[in-house]
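Secondary and tertiary structure notes
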Amino acid sequence: MSTAPSTLTDEAPQQPAPASPSRGPWAPLRPLILRLHFYAGVLVAPFLLVAAVTGFLYAGSFQAEKLLYSHEMTVPVGDTKLPVSEQVDAARKAHPEGTVSAVRPSPAADASTRVLLSGVEGVGPNHTLAVFVDPYTAEVRGSLEQYGSTGALPLRTWISELHRNLHLGETGRLYSELAASWLWVIAGGGIVLWFSRRRALRKVRGTSGRRRTLGLHGTVGLWAALGFFFLSATGLTWSTYAGATIDELRTSLHQATPSISAAAGGGEHAGHDAASGAGGDGEHGVGLDKVLSVARAEGLGDPVEIVPPADAESAYVVKQVQRSWPTKQDAVAIDPATGQVTDVLRFADHPVLAKLTRWGIDLHTGVLFGLANQILLMLLALSLILLIVWGYRMWWQRGRGSAFGRPIPRGAWSQVPPYVLVPLMAVIAVLGYFVPLLGIPLAGFLVVDVVLGEIAHRRGNRAAA
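Per-chain numbering applies: the sequence of each chain, read as written, is numbered from 1 onward. pLDDT decides what is reported in this predicted model: residues at 70 or higher carry local features, side-chain atom pairs at 80 or more are listed and counted, and totals for whole chains, interfaces and linings draw on all residues regardless. Side-chain numbers come from the whole structure's heavy atoms, not from hydrogens or water.

Further remarks concern the pattern of salt bridges. By convention in these notes, a salt bridge is any Lys or Arg side-chain nitrogen within 4 Å of a carboxyl oxygen on Asp or Glu. This model, assessed by the stated rule, comprises 10 salt bridges. When the shortest N-O distance is used, the salt bridge between Glu170 and Arg173 registers 3.4 Å. Of the two residues, Glu170 and Arg173 both sit in helix H5 (residues 169–196), 3 residues apart, roughly one turn of that helix. When the shortest N-O distance is used, the salt bridge between Glu298 and Arg346 registers 3.5 Å. In this pair, Glu298 is assigned in the loop between helix H8 (288–297) and strand E5 (304–307) and Arg346 in the loop between strand E8 (341–345) and helix H9 (352–365), connecting sequence segments 48 residues apart. Here the term buried applies to any residue with accessible area under 20% of the maximum for its type, exposed to any over 50%, and partly exposed to those in between, with areas from a 1.4 Å probe on protein chains only. In this structure Arg346 comes out as partly exposed when scored by relative accessible area, which is 23%. By sharing partners, the salt bridges in this structure join Arg104, Glu305 and Lys319 into a single network. Secondary structure elements are taken from DSSP: a helix is a run of H or I of four residues or more, a strand is a run of E of two residues or more, and numbering for both begins at the N terminus.

What follows is about the pairing of E5. The alternating pattern of E5 places Val304 and Ile306 and Glu305 and Val307 on opposite faces, both of which are buried. Only strands joined by at least two bridges in the DSSP assignment are considered to pair. Where E5 and strand E6 (residues 316–320) come together, 4 bridges link them in antiparallel fashion. In the sheet register, Ile306 faces E6, and the bridge partner there is Val318.

A few words now on the nonpolar core. Soluble globular proteins tend to bury their nonpolar side chains together. Among the nonpolar cores identified, the biggest contains 37 residues, and Leu48, Trp182, Leu183, Ile186, Phe228 and Leu384 are the most heavily contacted of them. Put simply, the parts of the chain that give this core at least two residues each are helix H1 (29–68), H5, helix H6 (209–237), helix H10 (370–398) and helix H12 (436–464). Sorting elements by how many residues they give to this core places H1 first, with 10 residues. For Leu48, the residues in contact, after removing those within four places along its chain, are Ala179, Leu183, Ile186, Leu384 and Ile388. Counting 24 residues, the second largest nonpolar core, distinct from the first, contains Leu117, Leu292, Ala295 and Val332. Note on terminology: a nonpolar core comprises buried Ala, Val, Leu, Ile, Met, Phe, Trp, Tyr and Cys residues joined through side-chain atoms within 4.5 Å. Contacts: residue pairs with any heavy atoms within 4.5 Å of one another.

It is worth stressing that arrangement in space is one thing and function is another; only the former is reported here.
Here it is in structure tokens:
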């Protein structure tokens with residue numbers, strides 16, 4: 001079988017040419033970046049494809065949730081809302097199981113109140129049973145399992161866990177961290193390759209075959225690259241390994257997210273958040289209505305969540321739960337015996353990196369700017385899906401007439417000057433240490449590549465002999 005020549009010799013030189021003095025010392029890096037971009041795309045793309053598809057579904061789940069659970073989430077607008085304590089009583093009569101872990105009073109005229117119950121049989125760990133109550137009539141409109149600080153209901157929870165760990169628990173989180181670790185590398189390599197190509201080869205209009213696929217791949221990738229960098233960086237902030245490193249770095253810089261003291265005696269934001277505390281029926285000392293009134297006087301507007309005391313030594317914690325812009329994340333602790341404020345934590349007082357982390361995660365998950373945010377995420381996910389499809393298509397087109405997807409030729413490393421290669425390797429080593437699911441696969445790729453190259457070299461010597 002004959003071997004068909006490559007359709008784009010500038011993209012796939014058969015033998016790396018020596019660097020021309022006029023091209024500068026960085027010119028030999030292009031074949032190296034091309035080879036890395038190619039192999040990373042081929043090997044990591046399946047993980048990125050899963051992340052993109054599930055991310056697309058998650059971004060759309062916010063609006064789907066509103067439609068699917070509209071009966072529970074919305075109510076006819078009435079005249080006067082009942083006291084929160086009466087609404088909690090109605091929820092407990094309908095669902096006496098478990099304990100009240102939090103209450104989210106109706107945040108809008110047509111919104112129901114959520115009474116969150118923990119320790120309910122059949123409800124998953126770290127999840128609660130949300131009982132939806134009409135704030136005007138105290139009618140219980142239903143109950144659904146809820147997860148997370150954004151109040152995700154079953155549909156969004158299922159899709160969220162699919163995106164995060166494929167429903168495989170902590171082990172499954174490695175897939176999403178691998179995708180986040182490599183997305184910025186692949187996007188950055190694509191940008192370098194795009195701008196290093198001759199201008200005439202960048203156009204899409206009037207081209208066909210592999211040239212057209214390459215043009216579409218490069219153009220869409222260039223426009224979406226900034227979004228990919230953002231998704232990669234924010235995705236790593238709560239990943240298993242790189243996320244732990246980021247948390248340690250923020251703590252060492254005194255930029256960790258502070259938490260309000262839930263001790264009845266107050267504190268300097270050093271205590272636990274008590275978000276996981278359980279409080280029976282939710283009524284302690286001065287009661288829910290008084291606590292909510294005190295929080296309102298401290299400037300905590302809707303939406304808020306009231307967390308009952310975890311034990312006899314703890315205070316009520318009332319915190320704002322609005323993650324959309326403008327962010328409302330203030331919190332107060334209130335002594336259940338006296339109704340006095342024992343601690344106040346304002347979002348405005350959070351360290352800069354804590355704020356940026358909060359906004360970054362909320363933008364990544366589609367809550368910071370609501371529907372517009374979700375549409376943008378869906379477009380980014382769709383772009384990534386198309387780029388992967390086009391990437392594999394180019395691989396196929398490059399091998400047409402001979403074999404499926406001929407690889408990029410070896411030899412790029414030998415063309416890079418030592419004074420460029422050594423610092424580059426040092427940077428890669430540091431990145432690999434802090435982002436292990438980038439460093440370990442990259443090291444594995446280099447080892448395999450060197451071994452295969454040595455095998456091919458020895459076979460060539462034997463054939464020549």
